[in-house]
Amino acid sequence: MHKAQGLAGVLALAGVLSGCGGAGEPWPKRPLLNEMTKDRAAEGAPKAAAPAADATRGTILGPEKSAISFEQMVKMPEPGWNIPRQVKASPDGKLVTYLASESGDMTMSLFAFDLPSRTSKVILRASDLPGSSKPLSREEELRRERQRQKTMGIVAYQWAEKAPVMLVPSSGDVFVRSAAGAITRLTETKEPELDPQICATGERVAFVRSDDLWVVDVATRKETRLTTGGPPGTTRGQSDFLGQEELDEPHGFFWSPGCDKIAYLEVDEREVPEHPVLGYRGDKPDLMMQKYPAPGDKNPKVRAGIVDLKTKKTTWLKWPAEAERYMVRFHWAPDGNALYLQTLDRLQKRLALVRVDAKSGETKELFAETSPTWIEPATFEPLEKSPRFVWTRDIGGHTHLELRDVATGAPIKQLTSGEWDVQLVSRVDEEGGRVFFIADDKDAPLDRQLYSVNLDGGEKKRWTEEPGVHYAGVDRGAKTVTDIHSAKDRPPKVVIRELGGAVIGDLTLPMDPVFASLHVRTPEILTVDGPGGVKLYGTLLPPRVIEPGKKYPVIVMVYGGPGVQTVLNMWSPYLQWQHLADRGFVVYQLDNRGTAGRGQAFAAPLYKNAGNVELEDQIAGLDAVAKRPYVDASRVGIIGHSYGGYMAALALLKAPDRFHVGVAGSLVTDWRLYDSAYSERYLGSPTADAKAYEAADLTKLAGNLRGKLFLLHALMDENVHFQNTAELIDALVAANKRFDLLVFPGERHGYRAPAAKLYATQRSIEYLVDNLR
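Structural notes, computed from the coordinates. All residue numbers refer to positions counted from 1 along the written sequence of the respective chain. Selection of residues for local features in this predicted model requires a pLDDT of at least 70, selection of side-chain atom pairs for listing and counting requires 80 or more, and totals for whole chains, interfaces and linings are taken over all residues. Calculated side-chain values reflect all of the structure's heavy atoms, with hydrogen atoms and water omitted.

### Details of the environment of Leu403
- By definition, any uninterrupted DSSP run of H or I lasting at least four residues is a helix, any uninterrupted run of E lasting at least two residues is a strand, and each is numbered from the N terminus. Note that Leu403 resides in strand β28 (residues 398-405).
- Judged by relative accessible area, which is 1%, Leu403 ranks as buried.
- As for Leu403 and Lys65, which are separated by 338 residues in sequence, their C-alpha atoms are 58 Å apart. When accessible area is computed with a 1.4 Å probe and restricted to protein chains, residues below 20% of their type maximum are described as buried, those above 50% as exposed, and intermediate ones as partly exposed.

Structure, rendered in structure tokens:
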């Protein structure tokens, strides 16, 4: 489960707005449907929720009563979210480049906005690149799964930091675009080039091919192999599954500022247990033996080295003592003489900042922080002209900024404080002596605004004005801001403006022309008094038509897991919600303790308490909603995917008197089956903390099922394995409990085939309607 979606992931910068799918080449196949609820009269069948008296029972309408069709619900992007993404400034500051769709779908082209002329135009399409229609390799498909990449066409690009040269990967090959617009193809092999990255001067591009690190000269197209292979089960230049999925570390190599050295990871997975992932695409089975460490298993052995491009010699990092560690957040010093990285112990309770001598490989731990629960990697921003760096850390249960000494790691000054959180560092403006950041506010915790604070301290200054969520990128000279902003009642706008001044350009794309006919309503943000006086936030959409004296069933939309925040003052058309509310449902969502965006003090109660804290808060939210006169609390459904699927099943099994119908997709059922980095972070060691795992195991609760449970899972899910659902099925069968099951043979964790997404959505909604009407 991706853990960084609570921040930048909530926006469309990476094309992630709902669901968790990748953007590979899916092969839709007829799902396997197990209808186990035909005969409900048999002895021991689950009892339906006691209905409200007929006189007060609100009518549930047919799908034709909503202007929103099932097809519109799954169309991407959602209305309003056809926006520029991956917005970047050119090195000379004259262009703002971005990806956007010319046709209103998920096929991206590369645009450039010229600041002097204030005009925008397409500068590159996928069709301009030879071989762009090649199918994705398995390796690239899985990388896109890790990054929740849904777009097609031009899916990524990268400017050289100090030259007007642009890298554009496409279909496993590497292209560069010159300042004049000329396209050069640098690679053309059968093997895909993974994770290509251009160096600061634009002279060279590095990539991974056949598990080794390579570099190609942009001017001559001459390739050089920098690593010389190893035994099967080892890779050089790639991060492993845990790094990509759980530690937000998609890259396995890192260019030095002078383009003469590369720090890289060597990953040895030979002792990691294998898990078979079997699916069916087309007319052939697809079997992948995946290296996947569960809690307590052996993790990959990872070491880091620095390779010199002239000698092709690798200097391995030297540690005072051997220890199992995660290595994340690699940053070169501006002069290239040192490398900085952060390390976490296996249980992720101790975070250290480490300095590496680039010549000798000797490491020095500058300082370390610890937590009684878990600790997140920090933001590290070294200054170029001063021996200091900006650092984020938990202070009083909230994330704040510090200034520290780069030689010793010693704190110099705390820059921010208060009952609010720094969510993202946007830019360190060394010339101006300030740091720009995105943060919430004590009085507006669901908003996100752009602020700055001086490097010598003082009060923060706010730069954005409109209420809502702003994700603002500040250019290198701190002269212009590109701001993507929206609110619950306002679709996104994307503008380029002078810092603190006038609008230079408006990049907002036209709204979907059918949007007005959908009659979308703005949901209500509400506050709930949770257990122990904690303040919880939810979003509610009542039925479109409420007849006097009538009561209507509730559908709880849930995620509930760490690393994600779903309730923000940010635009979403909520088409699935709107459809259900049009038909007579109360639709509701709440962020329980443990979720992201409100600091470690709010998240920490989840530690070793999974399945308790979340459900306790969800019930408190349901109690608050049930006080409304039009709510029928005897008819409650709950639906979720991934961690939300776990929550949906948990609610039915642990609180069967409160939740009566559940739709649980791609769910973990036993955290001992999920990956080591995620499970151990939140539940601890599976041996020392076995009770935490036992208490969160859904299979132990199977005998409690009384309501209607619909399970959905894809066979090729390599994130949350189908084994999770299979073990819950066995437990439900052993307890003689009836349930419903839908299996997708060729999909992964996020359904990508249009037919699969449509079918899953329609079946889930019909299930809720049929059992709550």
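### Regarding the pairing of strand β35 (residues 480-487)
- The element β35 is largely enclosed, with a buried count of eight among its eight residues.
- Residues of β35 alternate between two faces, with Thr480, Thr482, Ile484 and Ser486 on one and Val481, Asp483, His485 and Ala487 on the opposite face, all of them buried.
- When DSSP finds two or more bridges between a pair of strands, those strands are recorded as paired. In terms of strand pairing, strand β34 (residues 469-474) meets β35 through six bridges, oriented antiparallel. Note on β35: the bridge partner recorded for Val469 is Ser486.
- Connecting β34 to the antiparallel partner β35 that follows it, the hairpin turn spans five residues, and Ala478 within it adopts a positive phi of roughly 55°.
- Taken together, β35 and the strand that follows it, strand β36 (residues 490-498), pair antiparallel across an intervening segment of two residues.

### Digging into the side chain of Thr669
- You can see Thr669 is positioned in the loop between β43 (661-665) and α8 (676-683).
- Separated by 2.7 Å, the side chain of Thr669 and the backbone oxygen of Asn724 make a polar contact.
- Contacts between residues were defined by any pair of non-hydrogen atoms, one from each residue, lying within 4.5 Å. When neighbours within four sequence positions are excluded, Thr669 is seen to be in contact with Ala696, Asp697, Leu698, Thr699, Asn724, Thr725 and Leu728. Counting of polar contacts relies on pairs of N or O atoms within 3.5 Å, with two restrictions inside protein: one atom must be capable of donating a hydrogen and the other of accepting it, and residues adjacent in sequence are counted only when both atoms are side-chain atoms.

### Some words on the packing of helix α6 (residues 613-626) against helix α7 (residues 643-654)
- Interaxial angle, 0 to 180 degrees, is taken between N-to-C directions of lines fitted to C-alpha atoms, where a helix line uses only the stretch in contact. Closest axis-to-axis distance for the α6/α7 pair is 10 Å, and the angle between their directions is 75°. The angle between α6 and α7 places the two elements in the roughly perpendicular class. From α6, Glu614, Leu615 and Gln618 reach across to α7, where they touch Tyr643, Tyr646, Met647, Leu650, Ala651 and Lys654.
- Of the residues assigned to the contact of α6 with α7, the class counts are six nonpolar, one polar and two charged. Note on angle classes: values under 35 degrees are labelled roughly parallel, values over 145 roughly antiparallel, values of 65 to 115 roughly perpendicular, and the remainder oblique. Residue polarity is assigned by list, with Asp, Glu, Lys and Arg as charged and Ala, Val, Leu, Ile, Met, Phe, Trp, Tyr, Cys and Pro as nonpolar; anything else, Gly included, falls into the polar class.

### Quick notes on the pairing of strand β3 (residues 95-101)
- Across the seven residues of β3, six count as buried, placing the element largely inside the fold.
- When strand β2 (residues 85-89) meets β3, the two strands line up antiparallel, connected through three bridges. Note on β3: the bridge partner recorded for Ala89 is Val96.
- Counting the residues between successive antiparallel strands, the hairpin from β2 to β3 contains five residues, one of them, Gly93, with a positive phi of roughly 75°.
- In textbook terms, the turn of a hairpin is the stretch between consecutive antiparallel strands, and for β3 and strand β4 (residues 107-114) this stretch comprises five residues, one of which, Gly104, has a positive phi near 80°.

### Considering the packing of aromatic side chains
- For Phe, Tyr and Trp, where Trp contributes only its six-membered ring, two rings pair if their centres lie within 6.5 Å, and the inter-plane angle classes them as stacked under 30 degrees, edge-to-face over 60, or tilted in between. Under the definition given, this model contains 25 aromatic pairs.
- Taken together, Trp374, Tyr559, Tyr607, Tyr643, Tyr646, Trp671, Tyr674, Tyr678 and Tyr682 form an aromatic cluster joined through their ring pairs.
- A cation over an aromatic ring shows up here: Arg209 above the ring of Trp214, its NZ or CZ 4.7 Å from the ring centre.
- A ring has a charge above it when a Lys NZ or an Arg CZ is no more than 6 Å from the ring centre and no more than 35 degrees off the ring normal. Above the ring of Phe602, the side-chain terminus of Arg598 is found at 4.1 Å from the ring centroid.

Any link to function would need more than the numbers given here.
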